[in-house]
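Architecture and fold: a report
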Amino acid sequence: MIDPDRLFSAFSLPEPEVDPFMDFQKTQTFKLGMFKKIIWNQKTIEGKMDKFIEMMPELAEKINFDSDAGEFVTHTRAWTYLKDFDLNSEQGKDACRIFSDQYTITACDLAISFWEEREEYERCAYIKKIQDSLKNNLIP
């Protein structure tokens, strides 16, 4: 009788050194795409924050959450992806070509508006650079 384990062990592929999904998360396209997705899903995040606050009112009171907690979480989370976006790399330029649409440009507008209210002007300037690059790649 043929032993399948022994047979297939002769044809085994080398194990990848890095998890391909984890490697994908480091790409500039992933970072810009996640920024866009998070901003456009703000209402979902706000709903989750409202449920969290309802479940733990004492904690919410101690932390002093206000009505814009969901918005704050949304933009802070989106920023965690965008802050590492390298606009000057070839990968970053490719990502701008891929995501050069009105949705991404609007996501940048929303983020700039949010951070402007909180006087985070360095973040605004950084997002504006990305937005300008997106506009330059926009197909009419």
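Going by the structure above, here's the rest.
Please read these numbers as outputs of a predicted model, since none were measured by experiment.

A short note on the pattern of salt bridges
Scanning all chains against the criterion turns up 7 salt bridges. K36 is paired through a salt bridge with D101; the nearest N and O atoms lie 2.8 Å apart. Here K36, found in helix α3 (residues 28–40), pairs with D101, found in the loop between α7 (90–98) and α8 (102–117); they are 65 residues apart in sequence, far enough to count as distant. Look at K36 and you get buried, because its relative accessible area is 16%.

So, the packing of α3 against helix α6 (residues 69–82)
When two helices pack together, their arrangement is given by the angle between their axes and by how far apart the axes lie. Their axes nearest at 8 Å, the elements α3 and α6 cross at an angle of 170 degrees. Judged on the interaxial angle alone, α6 and α3 are roughly antiparallel. Across the interface between the two elements, F30, K31, L32, M34, F35, I38 and I39 of α3 pack against T74, H75, R77, A78, Y81 and L82 of α6. Looking at the contact of α3 with α6, its residues break down into 9 nonpolar, 2 polar and 2 charged.

Reading the values: the criteria
Residues numbered from 1 in each chain as written. Predicted model: local features only at pLDDT ≥ 70, side-chain atom pairs only at ≥ 80, totals over all residues. Heavy atoms only, no water. Salt bridge = Lys/Arg side-chain N within 4 Å of Asp/Glu carboxyl O. Helix = DSSP H or I, 4+ residues; strand = E, 2+ residues; numbered from the N terminus. Buried < 20%, exposed > 50% of the residue type's maximum accessible area, 1.4 Å probe, protein only. Axes fitted to C-alpha atoms, helices over the stretch in contact; angles between N-to-C directions. Parallel < 35°, antiparallel > 145°, perpendicular 65-115°, else oblique. Contact = heavy atoms within 4.5 Å. Nonpolar A, V, L, I, M, F, W, Y, C, P; charged D, E, K, R; others polar.

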